[in-house]
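Structural overview for review
Here is what each chain is made of, one letter per residue.
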Amino acid sequence: MATFGNLSDRLSETFKNLRKKGSLSASDVDGTVREIRRALLDADVALDVVKEFTGKVRERALSDEVNKALNPAQQVVQIVNDELVAILGGQQRRLEFAKNPPTVIMLAGLQGAGKTTLAGKLAKWLAKDGHTPLLVAADLQRPNAVTQLSVVAEQAGVAVYAPEPGNGVGDPVRVARDSIAYAKTKQFDTVIVDTAGRLGVDAELMKQASNIRKAVNPDEVLFVIDAMIGQDAVKTAQAFQEGVDFTGVVLSKLDGDARGGAALSVASVTGRPIIFASTGEGLDDFEPFHPDRMASRILDLGDILTLIEQAQQAFDEDEARAMAEKFSTETFTLDDFLKQMQQLRNMGSIKKMMGMLPGMGQMKQQLDSFDEREIVRTEAIIQSMTLAERQNSKLLNGSRRLRIARGSGSTVTEVNALVNRFEQAAKMMKTVAKGGVPQIPGMGPIPGARGGGSKKQQPKKKGSKSGNPAKRATENAALASGAKPASAGAPGGTGFGLGGAAGSAAPTEEELASLQKFLGR
Amino acid sequence: MAQLSSWSLSGALKGMFSKPTIDENTWEDLEYALLTADFGPDVTEAVIDDLHEKVDRYRTTDPRDLQRMLRESLEERLSKYDTTLKLTERPAVVLVVGVNGVGKTTTIGKFSKFLGTYGRTVVVGAADTFRAAAVEQLATWAERGGAQIVRPQQQGQDPASVAFQTVDFAKRNGIEIVLIDTAGRLQTKGGLMDELSKIRRVIEKQAPISEVLLVLDATTGQNGLAQAEAFIEHAGVTGLVLTKLDGSAKGGFVLAVQEKTGIPIKLVGQGEGIHDLTGFTPHVFAQKLVG
Ligand SMILES: Nc1nc2c(ncn2[C@@H]2O[C@H](COP(=O)(O)OP(=O)(O)OP(=O)(O)O)[C@@H](O)[C@H]2O)c(=O)[nH]1
Ligand SMILES: [Mg+2]
C-alpha cells in the first residue's frame, strides 16, 4: 500500500518509458499489466477477477486501437478505467418499486456488515421521498438487534414492526411473513426487512434466509457487504446469491480508506449491480453508487474524469464565458465569488471532490478535519452585505464590517479574513484570465507538474487557454475561499482546470492531456 | 462451535500436495492459495521466495516436503511474538477497540465467560455510548458471561467517564478484571481516534491498562494493516483478537499485521456462541491452515 507508492506513482514510472517509444510493445504492456495486477490485489480484488480483468486489458492494449492513438499511455489508463466501470455496472441502477404496494426490500449479509444501520438510512431516504416505510425486526439472533432497529427507526422517524423480543427468541420467517400483512392493513408502502448476519458457510442459516425470502416475496433483496472485505468476498457473494438470490448490492463503510476491491469482485462474479454506497454512521450518510468513482478509488488514480464532468455540469458553459469576461475586465465581485462557491457546492461537497483528486490518498485525515460549514459561514457573511458592498469590496469599512459580522452571526475577524481571501482570489483570477500561472501562497508544488514547474506548464495552459480560463479560476476561487486542505495537495490545475467539451462521455484530448500530466511527464 | 474445515487452506492446497513432484504449477498454486487467503502480495512473495530457496537448498522435489516447510514457515513467523495475555494487575484493565462491526462486544461477552471459568471476577464497562442499543447488547452479553456491568448514567455520556467509573467500581468492589467496550470507529476518523487516546488517559489516572486488544475481522482484506497501524498509534494496542474464523475467510492479513507491527495475536473468535473464543496457538493455527 502506501509504502510502495500508489498505482499512479508506479504507473507513471512505467509510462515514462512508454512515452519515449511512442507505441506499445508486448513487453511494455506486460509491465503495465503487472502493476495493475498488483494494485488490484492491494485493493482486495479477488484473484480470479484480477486475472480475468488484466487479461482483458492486455488484449485491448495490444490491439490496433492503441497504436493509432496519440499517446498509448493515455489509452491504457482509459482502457483500465473503461473496463472497471463496465464491470462495476456502467450505468447506475435505481430501486425497483412494486406495482402494487407494499414494495418489499429484504436485507442480507455477513455479521457486522452494517445491515441494521442501512435499514434506517434506507427508510429515512424513502420517507424523505414521500414513501411510508416500515422497518421489520427479523434479526432475532444478535443480542439486542431488535432494540437497535427500534432506536434507528425512531431516529429515522419511521415505524417499526417488532413483535418478538429477539436474543434467540422468535421465528424470523414468521415475523417477516406477518409484517407484509401488517404493512398492508396499516398502508405502509414499503417494507424493509432487517435480517440476522450470517456466514456463507452456515447452511442452516442460509436456508433460513432463503425461507424469509420466500415468505416475503421481495421486490429487491439487497446484499450488504463491507468495503473492507478481502478475498472472501467472492465465496460469500456466491453463497448469498445461491441462498437468497439477491437483486442488488450495497457497499458499506465506504467512509473508511479501504480501496473497496470487493465491489469489483462481487459485481463481476454475480453480475448484480451495486445500487447504494453507505458512507458513515449517521442516517444521512448514504448515496446512490457511482461506478466511475469507485473505479478510480479502487485504482487510487483519482477520479479525474468524474471531476471534469461534474465541474462542467455545475459550471454552465455560458456562465463560464460571462465569468471569463469579468475576470479579464476586472469586474469580479463578491457576488460572483458567492455564486461560484454555490456552484462548487452543487458539485457535491468539496470534501468528496478533493477525495477524487489523484495523490490524495495520504490526505484523507486532513480532508476529514476540513470543515464544510466554512462555506455555509462564508455564504452567510456575503449574504449579509448590501448589493453595493458586494459589487465593490472597497466600500467595506470598519462599521460596515461590524454590521455584517452581526448580521451573519460571525466575528469581524472572520469577515476580514473572508474579504482578504476574496481579494486574493480576484487577483489570482485576473492573472489566470491573462494566461499566467497564479502563485498561491502556502501551496506546495503541484503534484501533476512533477519536475516541470511553472515554466514547463506554461505551454500546456496556453494550449487550453481558449478552453476555459474561467474554470481554472473557479477552482482557484475554491481554494481561496476556504477549501484550505486542498491547497496542501493542490492537484489544482490537473483537475477541471483544463476542461474540455461538456457532456461527452469519452474524454477529450485535453482531458487526456491532463491525465497525462498527472501521470508525470 | 463451528469446525474449522471450511476455514483451512487444505482445500486449496490439496491438489498441489498430492502431486508426485514439485513443478511450475505447484508454485502457481501456492501463490494462488496464499493470495486468496488474504496474505497479500508482499507476504505471499516473501513466503514463496523463502520456500523456493529452501526447496533448492534441500534439493527436494516432493510436494509433501513443501507442505511441511510451508507449515513450519508460517508457524515460525507467527510465533515470533509472545501471545500470552498479561492480566496480573489488580484490577487488570482491558480496553477493547476496533472498527465497526468486527465483534468487540461479542468478544467481551465470550471473554468474560472465559475468565469466569478460571474463577476470575469480571466487570464490563459500556463505553460505547454512541451506537443504538450498544449498552443493552453488552448487558445481554455480560449476563451470559456472568459479569457485572457499569452503564452510562445518561444517553450519550462521555465514554471516558464510563470507563473511569467502571475502573472505579472494580477498585471499590475488589473485582479482578475490567473489560471496557468501546464504540466501533473507522481508523480514518481523526476525532474518534483522539477520543480513544482520551479514554486511555482517563483510565490511566486510576489504574494502569493491562491490555489494549484490537479486534480484527477475519473477512478483512489488506485494509487490516491500516487499521492496526492507526489503532496502535492512538490506542497503544498490545494484542490482536481475530474474529469470525468460523467463516470461509482465512484472515491471512494478520500475518502482515503481526510482522509489520510486532503486535501478537492473543485471542481467536470462532462463532457467536458464548464459548467460541480460544487463545492463540501458532502451532495449531499453522497446522489447521496448511493441513
Ligand atoms: N460468525 C461469527 N460472528 C461473530 C463473531 N464475533 C462476532 N460476531 C458477530 O458479528 C456481529 C457484530 O458483532 P459485535 O460484537 O456487535 O461487533 P462490535 O465490534 O461490537 O460492533 P460495533 O460496536 O457496532 O462496532 C454480530 O452479529 C456478532 O454476533 C465470530 O467470531 N463469528
Ligand atoms: Mg459493540
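Every residue gets a number counted from 1 within its own chain, in the order that chain's sequence is written. Each chain gets a letter, beginning with A, and each ligand a number, beginning with 1, in the order they are written. Only residues with pLDDT of at least 70 are given local features in this predicted model, and only at 80 or more are side-chain atom pairs given and counted; all residues enter the totals for whole chains, interfaces and linings. Heavy atoms from the whole structure form the basis of all side-chain values; hydrogens and water molecules are not counted.

**Regarding the overall build of chain A**
For chain A, the helix and strand inventory stands at 25 helices and eight strands. The rule is simple: take the accessible area with a 1.4 Å probe, protein chains only, and divide by the maximum for that residue type; under 20% is buried, over 50% is exposed, in between is partly exposed. When burial is assessed residue by residue, chain A has 57% of its 521 residues classed as buried. Here the analysis covers contacts within chain A between residues at least 6 apart in sequence; of these, 74% occur between residues at least 24 apart. Only the protein chains shown count as cover for residues, with accessible areas throughout obtained via the Shrake-Rupley method and a probe of 1.4 Å. Accessible surface, chain A as shown: approximately 21,100 Å² in total, 49% of it carbon and sulfur. Where helices and strands are cited, they refer to DSSP runs of H or I of at least four residues and of E of at least two residues respectively, numbered from the N terminus. Contacts are assigned to residue pairs with any non-hydrogen atoms lying within 4.5 Å of each other.

**Examining the pattern of salt bridges**
Salt-bridge detection follows one rule: a side-chain nitrogen of Lys or Arg within 4 Å of a carboxyl oxygen of Asp or Glu. This model, assessed by the stated rule, comprises 33 salt bridges over all chains. When salt bridges that share partners are traced, they join A:Arg38, A:Asp42, B:Asp42 and B:Lys260 into one network.

**A word on the sheet that holds strand β2 (residues 133-138) of chain A**
Residues and elements named next belong to chain A. Here, strands pair whenever DSSP counts at least two bridges between them. Taking strand neighbours across the sheet as the criterion, the eight strands line up as β3-β2-β4-β1-β5-β6-β7-β8 in an open arrangement whose pairing is mixed. Lying at the two open borders of the sheet, with one neighbouring strand each, are β3 (159-161) and β8 (286-288). Each strand axis lies, on average, 25° off the axis of its neighbour in the sheet, ignoring direction. Bridge count for β2 against strand β4 (residues 190-195) is six bridges, and the pairing is parallel. In the strand pairing of β4, Pro133 is matched with Thr190. Lines are fitted to the C-alpha atoms to define the axes, a helix being fitted only along its stretch in contact, and any angle between axes, read from their N-to-C directions, falls within 0 to 180 degrees. Along the sheet, helix α9 (residues 203-216) contacts β1 (103-109), β4 and β5 (220-226); its crossing angle with β1, the most-contacted strand, is approximately 175°.

**A word on the confidence of the model for chain B**
Residues and elements named next belong to chain B. Across chain B, the average pLDDT comes to 92, with 96% of residues at or above 70. A score between 0 and 100, pLDDT records how confident the predictor is in each residue. Contacts for the low-pLDDT stretch residues 1-5, under 50 throughout, to residues beyond four places or in other chains number seven contacts. Reported for the predicted complex are a pTM of 0.74 and an ipTM of 0.92.

**Overview of the environment of B:Lys54**
Residues and elements named next belong to chain B. Following the sequence through the fold, Lys54 ends up in helix α3 (residues 40-57). Spatially, the C-alpha atom of Lys54 lies 34 Å from that of Leu85, the residues being 31 residues apart in sequence. Not counting chain neighbours up to four residues away, the residues in contact with Lys54 comprise Met69 and Ser73.

**Side note on α9(A)**
Working note: α-helix, 3.6 residues per turn, so residues spaced by three or four point in the same direction. Residues and elements named next belong to chain A. By this rule, a helix spans an expected 1.5 Å times one less than how many residues it contains. Between its first and last C-alpha atoms α9 spans 20 Å; for 14 residues at 1.5 Å apiece the expected length is 20 Å, and the two agree. The secondary structure elements touched by the buried residues of α9 are β1, α8 (172-185), β4 and α10 (233-244). Two residues or fewer past α9, Asn217 is found with a positive phi of approximately 45°.

**What to know about the side chain of B:Gln187**
Locating B:Gln187 in the fold gives a position in the loop between β4 (177-182) and α8 (190-204). In terms of polar contacts, B:Gln187 uses its side chain to reach the side chain of A:Asp257, at 2.8 Å. Those residues in contact with B:Gln187 that sit more than four places away from it in its chain are A:Asp257, B:Val99, B:Met193, B:Asn223, B:Ala226, B:Gln227, B:Ala230 and B:Phe231. Each polar contact in these results corresponds to two N or O atoms within 3.5 Å; when the atoms are within protein, one needs to be able to donate a hydrogen and the other to accept it, and residues that are neighboring in sequence are counted only if both atoms are side-chain atoms.

**Some details on helix α7 (residues 145-156) of chain A**
Residues and elements named next belong to chain A. Taking 1.5 Å per residue as the helical rise, α7 with its twelve residues ought to reach 16 Å, and the 16 Å between its terminal C-alpha atoms agrees with that figure. Among the residues making up α7, those that are buried are Ala145, Val146, Gln148, Leu149, Val152, Ala153 and Ala156. An end-on view of α7 places all buried positions within 160° of arc, on one side of the element. Tucked into the core, α7 has its buried residues touching α6 (115-128), β2, β3 and β4. Immediately beyond the C-terminal end of α7, within one or two residues, lies Gly157, with a positive phi of roughly 70°. Taking the helix axis as origin, the arc is that swept by the directions to the C-beta atoms.

**Some points on the sheet that holds β4(B)**
Strand pairs in the sheet, formed through backbone hydrogen bonds, run parallel or antiparallel to each other. Residues and elements named next belong to chain B. The mixed open sheet is built from eight strands, whose spatial order is β3-β2-β4-β1-β5-β6-β7-β8. Looking at which strands have only one partner, the edges of the open sheet turn out to be β3 (148-150) and β8 (277-279). Here the strands of the sheet are splayed against their neighbours by 25° on average, with no regard to which way each runs. Across the sheet, helix α9 (residues 223-235) touches β1 (92-97) and β5 (209-217), and the angle it forms with β5 is around 160°. Here helix α10 (residues 253-261) sits on the sheet and contacts β5, β6 (239-243) and β7 (265-269); the angle it forms with β5, its principal contact strand, is near 145°.

**So, the packing of aromatic side chains**
Residues and elements named next belong to chain A. Stacked, edge-to-face and tilted are the three classes for Phe, Tyr and Trp ring pairs, Trp counted by its six-membered ring, which pair at centre distances within 6.5 Å; planes under 30 degrees apart are stacked, over 60 edge-to-face, the rest tilted. Counted under the stated rule, the structure contains ten aromatic pairs over all chains. A centroid spacing of 6.3 Å and a plane angle of 15° characterise the contact between Tyr182 and Phe188, whose relative ring orientation is stacked. Classification of Tyr182 by relative accessible area gives partly exposed; the value is 29%. With a centroid separation of 4.7 Å and an interplanar angle of 35°, the aromatic rings of Phe276 and Phe286 are classed as tilted. Remark: Phe286 occurs in strand β8 and Phe276 occurs in strand β7 (residues 274-278); sequence separation between them is ten residues.

**Re the packing of α6(A) against α7(A)**
All names here are of chain A. Interhelical geometry of α6 versus α7 gives an angle of 25° and a closest axis separation of 9 Å. By the angle between their directions, the pair α6 and α7 is classed as roughly parallel. Judged by the sense of rotation from one axis to the other, the crossing of α6 with α7 is right-handed. Residue-level contacts link Thr116, Thr117, Ala119, Gly120 and Lys124 of α6 to Gln148, Leu149, Val152 and Ala156 of α7. Note on residue classes: Ala, Val, Leu, Ile, Met, Phe, Trp, Tyr, Cys and Pro are nonpolar, Asp, Glu, Lys and Arg are charged, and everything else, Gly too, is polar. In the contact of α6 with α7, the residues fall into four nonpolar, four polar and one charged. Throughout this description, any angle smaller than 35 degrees is read as roughly parallel, any larger than 145 degrees as roughly antiparallel, any in the 65 to 115 degree range as roughly perpendicular, and the remainder as oblique. What makes a crossing left-handed is the near helix being turned counterclockwise from the far one by less than a right angle; a clockwise turn instead makes it right-handed.

**Re the environment of A:Asp226**
All names here are of chain A. Structurally, the position occupied by Asp226 is in strand β5. Given the relative accessible area of 14%, Asp226 is considered buried. On a C-alpha basis, the gap between Asp226 and Leu251 in space is 6.0 Å, while along the polypeptide they are 25 residues apart. One polar contact links the side chain of Asp226 to the main-chain amide nitrogen of Met228, over a distance of 2.8 Å. Side chain to side chain, Asp226 and Lys253 meet in a polar contact 2.9 Å long.

**Observations regarding the site of ligand 1**
Whether a residue is near a molecule or strand is decided by its heavy atoms; if any one of them lies within 4 Å of it, the residue is near. Ligand 1 sits among 22 residues. The nearest are B:Lys104, B:Thr105, B:Thr106, B:Arg131 and B:Glu272. Around ligand 1 the close residues trace back to chains A and B. Note that an oxygen atom of ligand 1 is positioned 3.0 Å from one of the backbone N or O atoms of B:Lys244. The separation between an oxygen atom of ligand 1 and a polar side-chain atom of B:Glu272 is 2.5 Å. Coverage of ligand 1 by the protein chains reaches 96% of its 650 Å² of free accessible surface. It is helix α5 (residues 104-117) of chain B that contributes the most residues to the shell around ligand 1, four residues altogether.

**Some thoughts on the pairing of β1(B)**
Residue and element names in this part refer to chain B. The buried count for β1 comes to six of six residues, which makes it a mostly enclosed element. Of the two faces of β1, the one holding Ala92, Val94 and Val96 and the one holding Val93, Leu95 and Val97 are both buried throughout. Direction of pairing for β1 relative to β4: parallel, over a ladder of five bridges. Opposite Ala92, over in β4, you have Ile177 as the bridge partner. Direction of pairing for β1 relative to β5: parallel, over a ladder of five bridges. Paired with Leu95 across the bridge in β5 is Val212.

**So, the pairing of β6(B)**
Residue and element names in this part refer to chain B. Of all five residues that make up β6, five are buried, and the element is covered over most of its length. Burial of β6 is two-sided: the residues Gly239, Val241 and Thr243 facing one way and the residues Leu240 and Leu242 facing the other way are all buried. When β5 meets β6, the two strands line up parallel, connected through five bridges. Paired with Leu214 across the strands is Leu240, a residue of β6.

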